[in-house]
Structure formats: C-alpha cells, structure tokens
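Structural characterization, general
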Amino acid sequence: MSNYNINSSEDYKRIYDESVNHPEKFWNDLAKDNFKWQKHWDSVLNWDFKKPEIRWFEGAQLNITENCLDRHLINKAQKTAIIFEPNNPKEKSEHITYESLFHRVNKMANVLKSKGVKKGDRVCIYLPMIPELAISVLACARIGAVHSVVFAGFSAIALSTRINDCNCKIVLTSDGSFRGNKILDLKKIVDTALKDCPQVSSVLVVERTKTKIHLEKGRDYLIESLLNEASQDCPIEVMDSEDPLFVLYTSGSTGKPKGMVHSSAGYMVGSAYTFKNIFQYKDEDIYWCTADIGWITGHSYIVYGPLLNGATTLMFEGVPSYPDYGRFWEIVEKHKVNQFYTAPTAIRTLAKESIDLVNKHDLSSLKVLGSVGEPINEEAWKWYNINIGKNKCPIVDTWWQTETGSIMISSIPNVIESKPTYATLPFIGIQPVLMDENGNEILENDAEGRLCIKYPWPSMARTIWGDHKRYKETYFSSFDNKYFTGDGSYRDNKGLFRITGRVDDVIIVSGHNLGTAPIEDAINEHNLVAESAIIGVPHDIKGNSLFGYITLKEASSASLGESLKKEINQLISKQIGPIAKLDHIEFVSGLPKTRSGKIMRRILRKIANNEIDNLGDTSTLLNPEIVDEIISKVLH
Ligand code: WT7
C-alpha cells in the first residue's frame, strides 16, 4: 500500500483529508495499485443510504484468495503464512508456508467442489481454531462459495438457526475440540442441530480429538482421505466486486441473529489497508490476534487482513488459562510475537493473576498492542501498558463492528498517540459524526451523542441475509442519511472519540455482543416463566454480566429457588450457548411497563446498579407500584 502507508501524523492528516475530500479518487488509487484484479471497475462508488444501496468498485472482477495466496508465491512462497499453536503446549506448533497453505486451500476447495458446492452456495463452517478453519474459509472464497462461520462454542439450536437462515447445504466440522483440559464434542452438537436442517446434504469432518463419533451414511465423511486424494491445484472462481464473500451472524435486539453480508472487493480493500497501518505490520513481523475466527475480528485480522499483506499470522487453539494463566505470554515469548491483539476481558482476567506469570517470560519482541470488543477501562489499559508493553508499545484501542468489516476508529502507532479509554481518531476514509436525540448533528467538541457514519466505506456490510428491510431499519432509519452504529460516544475538546457503549438492547459480555431478546426468548420457553427482562451490570472481568428479572406464571414457583434458576440457565445454554448464562436472577411479580406495554429496562438497569436516586418519573408507568417491590427485593 506503498503510496498510502501512514508513517507520521503528517501522513495521516494529508491522506485523511484526501480520503474525505476526494473519496473516489483516493479509494480508486489505493485499490488499483495494491491488489490483483481480473478486471478493472467501471465506477468506484454508487451509494444511496436511503434505499440503502452501496456498491464499491462496480464492474471489477477478482478473487480475494488470489490476493491472499497466489500473488505471494512469487516472493514469499517459503515465508510462514500461519503459525498454529495447539491447545496443548506439549504438542508441536506448526508453521505453514504460503506455498503449503496455497496447496491445502486448493485441496479443500476441490473437496468442496466434489460435494457439489458451487459459486454462490452457502457453506457452514463450525470448526475449532485449527488450521483447517482458516483453510476452509479460504477454500470457500476460492470457489466463490459464501462462508458462514459459526463460533464453535454455540449450541445446537444456535447452530441450526444459522444453518437454516442462509440455507447451507454443506457443513464443515470436527469430531471435537480441545479447550484447556476439556474436550467439546462438536460432531455431537452438529448431529443434534442437523435434525432441524434436512437440506444439509454433506458433513465434512476433520479429525482433531479422535473422539468416537457417529457418521451418518451418505451424509458424513471424514475429510482426511478426501483431502489426500484431491488435486492441489484449483483455479480461482472469478467474482464480481459485489458478490458476497461471507455471511457472519451477530446478535440484534430482536430474537433472530442478523446474517451480515460482506462483499468481495470492498471487504478486501478495507481489511488489508487497516491491518497494514493500524498494526504497522513490517515484513518480518509475527502477528497474533487471540480472537476466534468465529467472530469478525478473526475474519478480518487473523485470516484476510494478514494474508492479504503476506504477513505471518498466529492461530491459537487453546484458552488463556491452560496450562496456566501465563499461556499468552509463553506464546509471545516462544514465537517472538511483534503485534499482539486481544480483548479487554482477557486483559482483566490475566491482570488478576500473579504478575510472576507475566514476568517470567521475555516479552521484548512486542512492538504494538491492540484491544477490541468493548471499551477498555483505564485500569486494564494501564496494566496492559506497563506489564505487557513495558511502557514502550503503543496501544491501539480499535473500535469497529461485525457490520463495519474493518477497524473504524483507532490510534495508529507512532502516528496518532494512544489515550487510555479513547479509540481516538477515525481511520482514513471514515467520517464519524455525533447525533443528538432530535436527529441533529452535534458539531461542537466536548460533547456526547449517538455515533453515526455519514459516508460509505468499502468494507461495510451490504445487507442482512434475506432481510434487506431489517438492514434498513436497524442501521439507516434512526438518522437521516447516516449509518447508525448503535453505540454512544463522547468527543473531547481535541476531537478524540471515546466510545461509551451500546445505546440499544445489546449487552457486551466478555467482548461478545449479546442481544437481550434472544436470551429472553430462551428464558420464556420455561413452562413456569411468564415474562423476563435482561439487563447488564458492570462486572470486573467480563465488562458486563447479565442480570435477569423474571416473572413466573405462579408466584409460588419462586420457592423452587436455585433449582429453577439452574434450569433457566440450562435453557439459555441450550438455546444460545454458555456465554449467555445469567449471573443473577431475581423473581419478581411484575415488570415496569409503559402504557403501551414496553418494558422499561432503564428502570431495571438503575435498580440493579443501585442508582435508585435518579429513577426519573415512574408515575406514568402502567404499574408504578411494582418499582418499589423490585427495589426492596433487589436491594435488601
Ligand atoms: C460492538 C461490536 C469489532 C470486533 C469485535 C466486536 C463494541 C468493539 C470496541 C472498542 C469500545 C467497542 C461496540 C460495538 N466495541 N470494539 N474498541 N471500544 N467498544 O464485534 O460483536 O460486532 O460488536 O462492540 O459496542 O458496537 P461485534
């Protein structure tokens, strides 16, 4: 990205100005010179936020894997593309070169083809963090199939909902997955899920844990022998710029997860350019992002962003606590990691453990530290800076979303200074604005508002799979002609952004974006439950923990106490996954409601957080008397 690399604050100012004053020229020049295209575009950008319709590089043709793999074979065939660090530190790590990755992707692509997968078909990938996960993602992209990666911690019901929503006919999975000293039976979860997915014609199974599994005749295949027989050459499928590259589900404030659809060309340009500059990746660097490829962070900053830049990207199968809480630092030392990207929840967890677990490792290779997923509190920021970065590594607090495809607001090492709890400034080409509740743009600094983006950027999601109406309603209807992020933000007197959190019914728990509605739906399935409302309360490690207010059909069932609470959490685990379990449950006889019947979560949130002095006017509620009852239950 030679002519647009950002190495100084002057570069940033000059390029940022160019990118907002002449966006089409800027993106045209950047895209033209830094990627391999099969055909050049006819127009750089067509957009209309009212419809909404966004098309970048229309008329262009490409394949993102040609950019991730083929073009590096000339100079980097023997460079390590992926370092695989297994769950068990006694197992050997694996270095996969660009050439070898190229062949393994082609083999996988040929296996998918042999199972009838064609351009445009959706393929569900439900795999642990093993090389085959990255390889499957790229194999889909190579043949133009749309990948839908489902995080391998989701339950059978969550999985089947996602498989059915975009009508996948093929599922890639493994026998099991290693998580610390546990084994998760992934294939068993898939078997349960597929009872509700009759259209799935093939399941391809990677053997990782060698656990005993059931193979359904005519449907399930062990993948190893198929890969061995497959050719290591597979031509690229030529894709149009706007052909979907992948679907990735994220929670919303209504029950159904939203399948965000990302494009081929725009996503490529955005993920590559942000990776290179925000992490200041240099050619020999070893880069590690601890996320799971089941989330957008893994898509953009483990797989695509790094590989598009010919980088070495580390994939870690395990958990930060195994065999002990020093594992991350042991890996940094072992592989001499230069850029390290993780989440505040991980930092807070590790900061609670003995500092010896950090100090016994040599972390001198580190140059840049990153944070993503939720606001990072000052204490965690400082711990990260002092103990991991030794006060010499810039910290990039990167704000973005599944929907944005790539980082939107972040500092840049040695270019834009970090400031604790601030994401700081918009990346090149990004035009954030703050809006007040009346829909007016807030122009002054030292102000707080709803965070919107007023101009398109290449990597933005183009629609919600099968539901363009919901895409419009969720992101383009709150404010005229703007993309609404759902987040609030403060902007200080220097124009730096500090994200204050969600303003809608989404709660971020350990960096996972959880919609309240699907959790409430799960709870309400219990035959003793009448109604429920979930709110978030601040939590030392998880950022937020979930607090549930539940009304029962028969008040007397409350005497079941802990056993009922356990059953409710089991239901949540089954419907969504253990990440959505409630830390606290309060049985109440009613929920505060407006006259139109809307649950007043604001009041419930204040009570749970012991802020009852400013509950606001409750007299207009349908049932004001319930507030006192809830207060006395929760606070006494
Ligand atoms: C939501 C998006 C983007 C990858 C991980 C999450 C919150 C994300 C930050 C940050 C403050 C952040 C926002 C956002 N968020 N990064 N650096 N500072 N908040 O992706 O699941 O789509 O969640 O995560 O609330 O809207 P996601």
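Only a predicted model underlies this, so the values are computations on that prediction, with no experimental measurement involved.

**Observations concerning the overall build of the protein chain**
Counting secondary structure elements, the protein chain contains 20 helices and 31 strands. Here the C-alpha radius of gyration of the protein chain, 24 Å, is about what a compact globule of 636 residues would show, namely 26 Å. Taken along its principal axes, the extent of the C-alpha atoms in the protein chain is 75 × 60 × 55 Å. Excluding contacts between residues fewer than 6 apart, the proportion of contacts in the protein chain whose partners are at least 24 apart in sequence is 71%. Accessible area of the protein chain: about 24,500 Å², with a carbon and sulfur share of 48%. Averaged over its 74 positive side-chain charges, the protein chain has a centre that lies 3 Å from the centre of its 80 negative ones.

**Examining the site of the ligand**
Residues in contact with the ligand amount to 18 residues; listed here are only the nearest, Asp397, Thr398, Thr402, Asp487 and Arg502. Separating a nitrogen atom of the ligand from a backbone N or O atom of glutamate 374 is a distance of 3.4 Å. Glutamine 401 is positioned with one of its side-chain polar atoms (N or O) 2.9 Å from an oxygen atom of the ligand. In isolation the ligand has 550 Å² of accessible area, and contact with the protein removes 95% of it. Counting only elements with at least two residues in the shell around the ligand, the list comes to α11 (296-308) and β26 (497-502). Each residue belonging to the shell around the ligand can be placed in one class, and the counts come to seven nonpolar, six polar and five charged.

**As for the environment of alanine 311**
Mapped onto the elements, alanine 311 comes out in the loop between α11 and β17 (312-316). Classification of alanine 311 by relative accessible area gives buried; the value is 0%. Residues alanine 311 and aspartate 285 lie 26 residues apart in sequence; the distance between their C-alpha atoms is 7.3 Å. Residues in contact with alanine 311, not counting those within four places in the same chain, are Lys79, Thr80, Ala81, Tyr98, Phe275, Tyr281 and Pro306.

**Concerning the sheet that holds strand β14 (residues 244-250)**
The strand order across the open sheet built from eight strands is β12-β11-β8-β6-β7-β14-β15-β24, with neighbouring strands paired in mixed fashion. Either end of the sheet is taken by a strand with one partner, and the two such strands are β12 (220-222) and β24 (463-464). In this structure, β14 lies alongside strand β15 (residues 258-263), joined through six bridges in antiparallel fashion. Bridge assignment links threonine 250 to a residue of β15, and that residue is lysine 258.

**With respect to the confidence of the model for the protein chain**
Should pLDDT be low for a region, the predicted coordinates there are not to be read in detail. Chain-level statistics for the protein chain give a pLDDT mean of 95 and a share of 99% at 70 or above. No element of the protein chain has a lower mean pLDDT than strand β28 (residues 512-515), at 85, and none a higher one than helix α6 (residues 131-142), at 99.

**Here we look at the domain arrangement of the protein chain**
Taken as a whole, the protein chain is organised into domain 1 (91-236) and domain 2 (509-635). For domain 1 versus domain 2, the distance between C-alpha centres works out to 37 Å. The interface is formed by six residues belonging to domain 1 together with six residues belonging to domain 2. Summed over both sides, the interface between domain 1 and domain 2 buries roughly 450 Å², with carbon and sulfur atoms accounting for 62% of that surface. Sorting the residues of domain 1 by area buried against domain 2 places Phe154, Ser155 and Ile157 first, and these three jointly supply 71% of that buried surface. Taken together, the connections running from domain 1 to domain 2 amount to zero salt bridges. Counting across the domain 1 and domain 2 interface gives four residue pairs in polar contact (both at pLDDT 80 or more). Across the side of domain 1 that touches domain 2, the residue classes tally to four nonpolar, two polar and no charged.

**Points about the environment of threonine 80**
Turning to its location among the elements, threonine 80 is positioned in strand β4 (residues 80-85). Take threonine 80: its relative accessible area is 18%, and that puts it in the buried class. Residues threonine 80 and isoleucine 183, 103 residues apart in the sequence, show an inter-C-alpha distance of 29 Å.

**Considerations on the pattern of salt bridges**
Under the criterion given, the structure shown has 38 salt bridges. Salt-bridge contacts for aspartate 11 lead to arginine 14; the nearest nitrogen and oxygen are separated by 3.2 Å. Of the two residues, aspartate 11 and arginine 14 both sit in helix α1 (residues 9-21), three residues apart, roughly one turn of that helix. Here aspartate 29 and lysine 25 are joined by a salt bridge, their closest N and O atoms 2.7 Å apart. Taken as a pair, aspartate 29 and lysine 25 lie in helix α2 (residues 23-34) at a separation of four residues, close to a single helical turn. Residue classification places lysine 25 among the partly exposed residues on the basis of a relative accessible area of 47%. Sharing partners across several salt bridges, the network here consists of Glu85, Arg327, Glu330 and Lys334.

**Let's talk about the layout of surface pockets**
By volume, the second largest pocket amounts to about 1,300 Å³. Per-element accounting of the lining of the second largest pocket gives the leading share, six residues, to strand β29 (residues 529-539). Class assignment for the residues of the lining of the second largest pocket results in 13 nonpolar, eleven polar and 13 charged.

**Let's talk about empty space enclosed by the protein**
This model, assessed by the stated rule, comprises three cavities of 30 Å³ or more. Volume-wise, the largest cavity comes out at about 60 Å³. Lining the largest cavity are 13 residues; nearest its centre among them are Trp27, Gly270, Ser406, Ile430 and Trp457. The element contributing the most residues to the lining of the largest cavity is helix α10 (residues 265-278), with three residues. What the second largest cavity holds in volume is close to 50 Å³. Taken together, Asn63, Ile64, Ala141, Gly144, Ala145, Met239, Pro244, Leu245 and Ser264 make up the lining of the second largest cavity.

What counts and what doesn't
Residues numbered from 1 in each chain as written. Predicted model: local features only at pLDDT ≥ 70, side-chain atom pairs only at ≥ 80, totals over all residues. Heavy atoms only, no water. Helix = DSSP H or I, 4+ residues; strand = E, 2+ residues; numbered from the N terminus. Rg over C-alpha atoms; globule rule 2.2 N^0.38 Å. Contact = heavy atoms within 4.5 Å. Areas by Shrake-Rupley, 256 points an atom, 1.4 Å probe, with all protein chains shown as cover. Lys, Arg positive; Asp, Glu negative; His and termini not counted. Charge placed at Lys NZ, Arg CZ, Asp CG, Glu CD. Near = heavy atom within 4 Å. Polar contact = N/O pair within 3.5 Å; in protein donor to acceptor, adjacent residues only side chain to side chain. Nonpolar A, V, L, I, M, F, W, Y, C, P; charged D, E, K, R; others polar. Buried < 20%, exposed > 50% of the residue type's maximum accessible area, 1.4 Å probe, protein only. Pairing = 2+ DSSP bridges. pLDDT = per-residue confidence, 0-100. Domains from an automatic or database assignment. Buried area = accessible area lost by both parts, 1.4 Å probe. Salt bridge = Lys/Arg side-chain N within 4 Å of Asp/Glu carboxyl O. 1 Å grid on protein atoms, 1.4 Å probe; cavity = no way out; pocket = protein on both sides within 12 Å on 5 of 7 lines; lining within 4 Å. Points joined across faces, edges and corners; volume = space filled by probe spheres on them.

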